[in-house]
Every structure is written in C-alpha cells, then in structure tokens.
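Commentary on secondary and tertiary structure
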Amino acid sequence: MKLSIVIPIYNEEENIYPLYEELKGVLKTLEHDHEIVFVDDGSKDGSLALLEKIQQQDDKVVVVSFRRNFGQTAAMSAGFRYATGDVIATLDGDMQNDPHDLPIFLAKMAEGYDLVSGWRHKRQDPFLNRRLPSMIANKIISTVTGVHLHDYGCTLKTFRREITQGINLYGEMHRFIPAIASGVGSRIAEVQANHRPRLRGTSKYGISRTLRVVLDLMTVKFLLSYGTRPIHVFGMLGMASGGLGFALALIMTIQRTFFGMPMANRPLLLLAVLLLFMGMQFISMGLLGELQVRTYHESQGKPIYVVRKVLGRREEA
Ligand code: UDP
Ligand code: MG
C-alpha cells in the first residue's frame, strides 16, 4: 500500500521545514511506501523556494505550485489529482494537525472504512471567532447532510483513492468531502485527533468564512438530494405556490361572480397573481434544471449512480 500526504500551503514559510521533518519522522515508522504532495497555493513569501529545496533533496516529495492563490479547497483538489497513493491523507500546513495521529487513521482505514475524519476534541483555537461559529456550523452540517460527525473542519482526514477520484470540489467545499463522499456511498469513520495551537504564521481565515460555509452547505444539500432531479424540489415549490395562488384567485372570482363582492380593491388579488407567477417560474426553473442535469450527465457519460463492485462480469454490455 502506498500513502500520499497532501498538504495545502499558503504563506507558511516558518512551518514548512518543521512540518516536513516531523512528518518524515512519523512516515519512517510506517511500513508503507509514501509520497508527500505539497500544493503551494500561490504563496507570496518564501514557501515555494523552501518547497523546491526540499523537493530536490527528497524524491518522495512532489510540489504543485499554483500561479495565484486559489484557496484551500482548490489546493486540496489539486493534491488529490497529483497523489498516486492508494490511501490519501490531508494535513494542514501550519502544524496544527499532528502527524503522529496518522497510524490511528491508517488502522481505522484497515478496518475497511473509505474515509476517516479527524475530530479535534480539544481544539486549540480562539473561542469567539473560531470554536463557537464552528460548533454551530458543525451542528447545522450534521443535521442538514445527515452525515453525523463532531467536526467537519479538521483537515486531517484519510481517504481511499476511489473517494478522492470520484468527487469534484468547488467553493469552500473541502469540509463537505465526508457529506459528498457519503453521497457516493462511502463508509465513514471519525477518530479523535490531537490539535495544536498555531505557533508560527497567521491564520488565513476570518469570521466571514462561516457565511460562505453556510452557502456551500446549501449547494451540497441541494446537489446531494436533488442533483439528478431538480424538478422535484422546484416543481414542489411551484405547485405549492401556484396552487395557493390559483385557490385564492378562484375564491375571489366566486365571490365576485356570485356574491357581487368587488375584486379590484383587494390586496389579496395581488398576492394571488404573485403566487401564480412564482409558481410558473419555479416550475420553469425545475424544467431548465432537468435539461441541465441531462447535459451534465450525458455529456460526460457520468451515470446517476455509483457502483461499488460488479460480481461475475467486469465490462458493461
Ligand atoms: N491555505 C491554503 N490556501 C488558502 C488558505 C489557507 O492553502 O487560501 C492552507 C494554509 O496554508 C493551511 C491550511 O490551508 O495549511 C489551513 O489554513 P489555516 O491554518 O489558516 O486555517 P485555520 O486552521 O485557521 O482554520
Ligand atoms: Mg490552522
């Protein structure tokens, strides 16, 4: 078995060498072959030069360097593409994750899990702008996605290769990999991981990340539940809205025709018309969505299901 370690790096010059040394120390104790994929996410400090130096001394190191800063999700996504291991581990470049946890993760993987996610049960970050928003976010993500973990934001995770190959990441979605992976039917486990305070360099995120995470959550939830059948969500909304509008308009028409009640001066009329239009719009959006889904799946030959294995025959007919 080969292990790939993927590490996103953005302006971490003080951390790179200590991290590399510590990680190497751990990797030496494992019997697996390994590689380390550093993804330099357009660092503006000396990170890239350092990585290049390390790469020259160690042929197990791969460095992917971005032209500019594309974000941690993009960096991890690139890391997945260049990683050749059977098992892929992701690790923060700031030494907050502890490489000494890797053996626990690998042992869990050996039990047959496709993805093992870290839980920073004693997280070493400020409370107000980090742990509190993340506690709330974790609760929401757990409820909405139905994948129940304590901690979605921990970068320390291990994946079976098929998982990283099978998913595409956008936005800030790396924290939703477990949810996306469960959408393709992965077996997921969570283990407690050590977490350390950031000693060198600065955090790359502020509080606004929480809002972006909520937006990404909406996207993920929508794609997981309705990604192949958008008319079911938009159509339902359209039918509810259009139906209510129609009922209101009908009542008013009856009142107007049979009971002589005036119609024109009633705000309800406006609401009825609004609901009818919204209903039409929702249904058209759903139909457009259906067209999009067909383009998406048929243009790539991407089926709407995921096969774990086929017994008896290898090829499709
Ligand atoms: N990172 C990155 N690109 C970015 C921001 C961050 O590659 O645009 C990397 C960063 O170098 C670190 C990891 O992502 O290795 C996590 O970032 P950080 O420690 O700032 O996040 P926090 O631990 O504060 O959530
Ligand atoms: Mg950090």
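Rules used throughout
Residues numbered from 1 in each chain as written. Chains lettered and ligands numbered in written order. Predicted model: local features only at pLDDT ≥ 70, side-chain atom pairs only at ≥ 80, totals over all residues. Heavy atoms only, no water. Axes fitted to C-alpha atoms, helices over the stretch in contact; angles between N-to-C directions. Helix = DSSP H or I, 4+ residues; strand = E, 2+ residues; numbered from the N terminus. Parallel < 35°, antiparallel > 145°, perpendicular 65-115°, else oblique. Left-handed = near helix turned anticlockwise from the far one by under 90°. Nonpolar A, V, L, I, M, F, W, Y, C, P; charged D, E, K, R; others polar. Salt bridge = Lys/Arg side-chain N within 4 Å of Asp/Glu carboxyl O. Buried < 20%, exposed > 50% of the residue type's maximum accessible area, 1.4 Å probe, protein only. Near = heavy atom within 4 Å. Areas by Shrake-Rupley, 256 points an atom, 1.4 Å probe, with all protein chains shown as cover. Phe/Tyr/Trp six-rings, centres within 6.5 Å; stacked < 30°, edge-to-face > 60°. Lys NZ or Arg CZ within 6 Å of the ring centre and 35° of its normal.

Here we take up the packing of helix 9 (residues 230–259) against helix 10 (residues 267–300). In contact at an axis separation of 7 Å, helix 9 and helix 10 are set at 160° when each is read in the N-to-C sense. In terms of their interaxial angle, helix 9 and helix 10 are classed as roughly antiparallel. In this structure, helix 9 meets helix 10 at a crossing whose hand is left-handed. Of the residues in the contact of helix 9 with helix 10, the class split is 22 nonpolar, eight polar and one charged.

A word on the pattern of salt bridges. Scanning the model with the defined rule gives 16 salt bridges in all. In this structure, Lys204 and Glu12 form a salt bridge, with 3.1 Å as the shortest nitrogen-oxygen distance. Remark: Glu12 occurs in the loop between strand 1 (2–9) and helix 1 (13–29) and Lys204 occurs in the loop between strand 7 (188–192) and helix 8 (209–226); sequence separation between them is 192 residues. Since its relative accessible area comes to 29%, Lys204 is described here as partly exposed. We note a salt bridge from Glu290 to Arg294, for which the minimum N-O separation is 2.9 Å. Here Arg294 and Glu290 lie together in helix 10, a separation of four residues that amounts to about one turn. Using a relative accessible area of 13% as the deciding quantity, one classes Glu290 as buried.

The next point concerns the site of ligand 1. Taken together, 18 residues are adjacent to ligand 1, and Asp41, Gly93, Asp94, Ser203 and Lys204 come closest. When ligand 1 is considered free in solution it has 530 Å² of accessible area, and contact with the protein chains removes 95% of it. In the shell around ligand 1, the residues fall into four nonpolar, six polar and eight charged.

The topology assignment puts Gly183 in helix 7 (residues 177–183). Residue Gly183 is classed as partly exposed on the basis of its relative accessible area, which comes to 49%. Put simply, Gly183 and Ala137 are 46 residues apart on the chain and 20 Å apart in space, counted from C-alpha to C-alpha.

The next subject is the packing of aromatic side chains. Per the stated rule, a full pass over the model turns up five aromatic pairs. For the pair Phe222 and Tyr226, a centre-to-centre distance of 6.4 Å together with 35° between the ring planes defines the contact as tilted. Taken together, the positions of Phe222 and Tyr226, both in helix 8 and four residues apart, correspond to about one turn of that helix. Ring geometry for Phe222 versus Phe234: centroids 5.9 Å apart, planes at 55°, classification tilted. One end of the pair, Phe222, is in helix 8; the other, Phe234, is in helix 9, and twelve residues separate them in sequence. Through successive ring pairs, a cluster of aromatic residues spans Phe222, Tyr226 and Phe234. Lying over the aromatic face of Phe70, Arg68 brings its terminal NZ or CZ to 4.0 Å of the ring centre. Geometry around Tyr205 places Arg209 over its ring, the cationic atom sitting 4.1 Å from the centre.

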